[in-house]
Amino acid sequence: ADRFLATVLQQAIACRDRRLKGEEVARERLRERKLQRKRKRLKRKERRRKKRATEERIRKKNLDAIAAADALAKSGQNAAVAAAGSSTAKSKSK
């Protein structure tokens, strides 16, 4: 009977150890999955930030180009108006 109880006790201890080891492994896997999700989330956030920054640079560059074209067009119109005004004045003086 003592031998039987010793065997049962030994099996119970082994079973408990395996269960505890399994729980530890499960916790570790869960922790790794959480860390992996966090890394993915941070990478996604960084990609979005870079994309927005690039889009903002392009937008600013386009706005600067439009402003420069408008300024050039205005100066061209002013020069044309001034040229037209001076040619009208010349023809009136003739």
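Conventions adopted
Residues numbered from 1 in each chain as written. Predicted model: local features only at pLDDT ≥ 70, side-chain atom pairs only at ≥ 80, totals over all residues. Heavy atoms only, no water. Helix = DSSP H or I, 4+ residues; strand = E, 2+ residues; numbered from the N terminus. Buried < 20%, exposed > 50% of the residue type's maximum accessible area, 1.4 Å probe, protein only. Areas by Shrake-Rupley, 256 points an atom, 1.4 Å probe, with all protein chains shown as cover. Salt bridge = Lys/Arg side-chain N within 4 Å of Asp/Glu carboxyl O.

## Concerning the overall build of the chain
Here comes step 1: Scanning the chain from terminus to terminus reveals one helix and zero strands.
Here comes step 2: Sorting the 94 residues of the chain into buried and exposed places 0% on the buried side.
Here comes step 3: Counting only carbon and sulfur atoms, one obtains 58% of the accessible surface of the chain, whose full area is about 9000 Å².

## Observations concerning the pattern of salt bridges
Here comes step 1: This structure, assessed with the given rule, holds seven salt bridges.
Here comes step 2: Residue Glu-32 is joined to Arg-31 by a salt bridge in which the shortest nitrogen-to-oxygen separation is 3.9 Å.
Here comes step 3: Since its relative accessible area comes to 36%, Glu-32 is described here as partly exposed.
Here comes step 4: For Arg-59, the salt bridge is made with Glu-56, and the minimal N-O distance between the two is 3.3 Å. Of this pair, Arg-59 and Glu-56 both sit in helix 1 (residues 2-93), three residues apart, which is roughly one turn of that helix.
Here comes step 5: Overall, Glu-56 belongs to the partly exposed group, its relative accessible area being 44%.
Here comes step 6: Three or more residues joined by partner-sharing salt bridges are found here, namely Glu-28, Arg-31 and Glu-32.

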